[in-house]
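For reference, the chains in residue letters:
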Amino acid sequence: MNIPRLVVAAPSSGAGKTTIATGLIAALAARGLAVSPHKVGPDYIDPGYHGLAAGRPGRNLDAFMCGPERIAPLFLHGAAGADVAVVEGVMGLFDGASGRGELASTAHVSKLLRAPVVLVVDASSQSRSVAALVHGFASWDPEVRLAGVILNRVASDRHERLLRQALEEGSGVPVLGSVRRSAAVATPSRHLGLIPAVERSAEALRAVADMGELVAASVDLDEVLALARTAPPLTAEPWDPADEVAPLATAPGAARPRIAVAGGAAFSFSYAENTELLTAAGAEVVPFDPLHADALPEGTAGLVIGGGFPELYVRELSANGQLRAAIAAFAASGGPVAAECAGLLYLGRELDGLPMCGVLDTSARMTERLTLGYREAVALEDSTLLPGGARLRGHEFHRTVCEPEHGERPAWGWRLPTGLHFEGFAGTAGAKNVHASYLHLHWAGYPQLAAAFTAAAAAHRAG
């Protein structure tokens, strides 16, 4: 299968690759092309902007959590029916999982996809030196095809001429565009990075449109498309959730178990493949917004609460006592609950001193310290998600702490430089129906999670 594609990378974080990638997606979509947006790594926020620009879900390609063998299949699944795909990288081009060489780096994913790379260079504080930088990135790994450069934050026409002359003389890599500094397309940030698109609504749509207009005026889109079309066919088969999980065995005509999935501004972190796997496993997935719903969806047999920013909506979440009580009652009845990060905070007694659901005997608060990184975890208890002893890979990303940070039956154990670390809750009040942790998981890497949780929801419904 051959889908034209390219990877947008940078020498380091902060070069503006999210603005350029989102702008490329929007500009190409404005031409009437079906654009498939992707993001290297575990980031939830950038794909939200990509999705607004493309009009289809932004999807992640994480070789650490899903395995290198799944990258091309997941790409082909997400890009089905697209005219072109744009893949935004993570950090610097060659920065991967700490201490593991190229694993999960943008360079690694570009090789797995056999995709040309466009390097976004922050040119704001350099001129001739840009050629040395690009030459170094182009020659570092011969298997990475660095095929174009987009100059970002260029100060003036004269500055652009100096940069282009240096690159023509010293790098051999063509310049695809030159983007001026622009405050109009800045996306506001806070403690964990960019503000998610779902929280900004009309503002986010305007920002994405501005990015598209800026890139369309500054980048040669015909050259970009020609470059994307040089990517050779991929021999992998598209990932299919129906091939990953066996559908739940039910009586003829029986309804699917209904699994409620939290969403909205406070719980905006999710991977599209997670709900696709739940559906393939036989569940009816029903989204709801804890900021506005006063009850769980009728007939809820399982509850998934993913990541997000509950700390920013703590007053609204706390004020919604009717829903908090409904969630506590559902958990107390034995209903299966899977919660990650924001979901963990919401299930605790308190968040920053305000009452939450009270399902877990822990309280959370904001701190100045960022906890960030990939984890190789071992499940310490049987749960509705997986058996004790199972090993998987996940990602932590938060500025909160829970006290205590785990229950009598911790969800996970993993090794840190400081020693063995226990974290999360695999059950509560003598039951094993609640699994809550800071660890974010990509279920495409572990499809058995969806199958086990759907089975638990069906069993709860049967009663």
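Here's the deal with the packing of aromatic side chains
And step 1. As enumerated under the stated definition, the model contains seven aromatic pairs in all.
And step 2. Ring geometry for Y44 against Y271: centres 4.6 Å apart, planes inclined by 25 degrees, an arrangement best described as stacked. Linking Y44 in the loop between β2 (35-40) and α2 (45-54) with Y271 in the loop between β10 (258-262) and α12 (272-280), this pair joins segments that are 227 residues apart in sequence.
And step 3. Here the aromatic rings of F94 and F137 are separated by 5.8 Å at their centres, their planes lie at 25 degrees, and the arrangement is stacked. In this pair, F94 sits in the loop between β4 (84-88) and α5 (106-113) while F137 sits in helix α6 (residues 129-140), placing the two residues 43 residues apart along the sequence.

What about the pairing of strand β16 (residues 363-379)?
And step 1. Pairing of strand β14 (residues 350-351) with β16, which is carried by two bridges, proceeds in the parallel orientation. Bridging across to β16, L351 finds its partner in A364.
And step 2. Looking at chain direction, β16 and strand β17 (residues 391-403) are connected through 12 bridges and run antiparallel. Note that in β17 the partner of S363 across the bridge is E403.
And step 3. Examined bridge by bridge, β16 and strand β18 (residues 412-416) share two bridges and lie antiparallel to one another. Bridging from a neighbouring strand, V378 pairs with G413 of β18.

Observations concerning the environment of A431
And step 1. Looking at the element boundaries, A431 is found in strand β21 (residues 431-437).
And step 2. Along the sequence, A431 and N2 sit 429 residues apart, while their C-alpha atoms lie 49 Å from each other.

Re helix α7 (residues 157-170)
And step 1. For α7, which comprises 14 residues, the first-to-last C-alpha distance of 20 Å matches the rise-based estimate of 20 Å (1.5 Å per residue) to within 8%.
And step 2. Taken together, the buried positions of α7 are occupied by H159, E160, L163, A166 and L167. Mapping the buried residues of α7 onto a view down its axis gives an arc of 135 degrees, with all of them on the same face. Along α7, the residues that are exposed and aim more than 90 degrees away from the buried face are D157, R158, R161, E168 and E169.
And step 3. On its buried face, α7 sits against α6, β6 (146-154) and β7 (175-180).
And step 4. A positive phi of about 75 degrees marks G172, the residue just after α7.

Considering the layout of surface pockets
And step 1. Looking at the second largest pocket, its volume works out to about 830 Å³.
And step 2. Surrounding the second largest pocket, 40 residues form its lining, F267, S268, F269, S270 and Y271 being those nearest its centre.
And step 3. Every element with two or more residues in the lining of the second largest pocket is listed here: α2, α8 (197-200), β10, α12, β11 (284-288), β12 (300-305), β13 (337-340) and β21.
And step 4. Grouping the amino acids of the lining of the second largest pocket by side-chain chemistry returns 26 nonpolar, 13 polar and one charged.

Here we look at the nonpolar core
And step 1. In terms of nonpolar packing, the biggest core is built from 110 residues, with L24, F75, L113, L392 and W412 touching the most fellow members.
And step 2. Sort the elements by how many residues they give to this core and helix α1 (residues 17-30) lands first, with seven residues.
And step 3. The contact partners of F75, leaving out residues within four places of it in the chain, are I3, R5, H38, L61, A85, V87, L113 and L234.
And step 4. In terms of nonpolar packing, the next biggest core, distinct from the first, is built from 37 residues, A260, V314, A339 and L360 among them.

Re the pattern of salt bridges
And step 1. Per the stated rule, a full pass over the model turns up 20 salt bridges.
And step 2. E376 is paired through a salt bridge with R393; the nearest N and O atoms lie 3.3 Å apart. Of the two residues, E376 sits in strand β16 while R393 sits in strand β17, which places them 17 residues apart along the sequence.
And step 3. What makes E376 partly exposed here is its relative accessible area of 39%.
And step 4. Judged by relative accessible area, R393 falls into the partly exposed class, the value being 21%.
And step 5. Salt bridges sharing partners connect three or more residues here, namely D157, E160, R164 and R180.

Focus on unusual backbone geometry
And step 1. The step from E403 to P404 runs through a cis peptide bond, and the omega angle for that step is 0 degrees.
And step 2. Of note, A104 is a non-glycine position whose phi angle comes to about 70 degrees, a positive value.
And step 3. Assessed through its relative accessible area of 5%, A104 is described here as buried.
And step 4. We note that C341 has phi near 55 degrees; this positive angle belongs to a residue other than glycine.

A look at the sheet that holds strand β3 (residues 59-61)
And step 1. Pairing is parallel across the open sheet formed by seven strands, whose spatial order is β3-β2-β4-β1-β5-β6-β7. Of all strands in the sheet, those with a lone pairing partner are β3 and β7, marking the two edges. Across the sheet, the axes of successive neighbouring strands diverge by a mean angle of 25 degrees, strand direction being ignored.
And step 2. Inspection of the sheet shows β2 paired to β3 by three bridges, in the parallel sense. In the sheet register, V40 faces β3, and the bridge partner there is L61.

Rules used in this analysis
- Throughout this description, residue numbers start from 1 for each chain and increase along the sequence as written.
- Per-residue local features are limited, in this predicted model, to residues with pLDDT of at least 70; the limit for side-chain atom pairs, both in listing and counting, is 80 or more; totals at the level of whole chains, interfaces and linings are taken over all residues.
- Excluded from the side-chain calculations are hydrogens and water; all other atoms, namely the structure's heavy atoms, are used.
- For Phe, Tyr and Trp, where Trp contributes only its six-membered ring, two rings pair if their centres lie within 6.5 Å, and the inter-plane angle classes them as stacked under 30 degrees, edge-to-face over 60, or tilted in between.
- Only runs of H or I of at least four residues qualify as helices and only runs of E of at least two qualify as strands under DSSP, and these elements are numbered from the N terminus.
- At least two bridges found by DSSP between two strands are what make those strands a pair.
- One less than the residue count of a helix, multiplied by 1.5 Å, gives the span that helix is expected to have.
- To sort residues, take the accessible area from a 1.4 Å probe on protein chains only and compare it with the maximum for the residue type: under 20% means buried, over 50% means exposed, and anything in between is partly exposed.
- As used here, the arc belongs to the directions running from the helix axis to the C-beta atoms.
- Note on definitions: a residue-residue contact is assigned when non-hydrogen atoms from the two residues lie within 4.5 Å.
- Space inside and on the surface of the protein is sampled on a 1 Å grid over the protein atoms alone, with a cavity defined as a set of points where a 1.4 Å probe fits but cannot get out and a pocket as an open set with protein on both sides within 12 Å along at least 5 of 7 lines; lining residues have an atom within 4 Å of a point.
- Grid points are joined across faces, edges and corners, and a volume is the space filled by probe spheres set on the points.
- Three categories are distinguished: nonpolar for Ala, Val, Leu, Ile, Met, Phe, Trp, Tyr, Cys and Pro, charged for Asp, Glu, Lys and Arg, and polar for the others, with Gly belonging to the last.
- In these notes, a set of buried Ala, Val, Leu, Ile, Met, Phe, Trp, Tyr and Cys residues joined through side-chain atoms within 4.5 Å is what counts as a nonpolar core.
- A pairing counts as a salt bridge when a side-chain nitrogen of Lys or Arg comes within 4 Å of a carboxyl oxygen of Asp or Glu.
- Throughout, an axis means a line fitted to C-alpha atoms (over the contacting stretch in the case of helices), and angles, computed between N-to-C directions, take values from 0 to 180 degrees.

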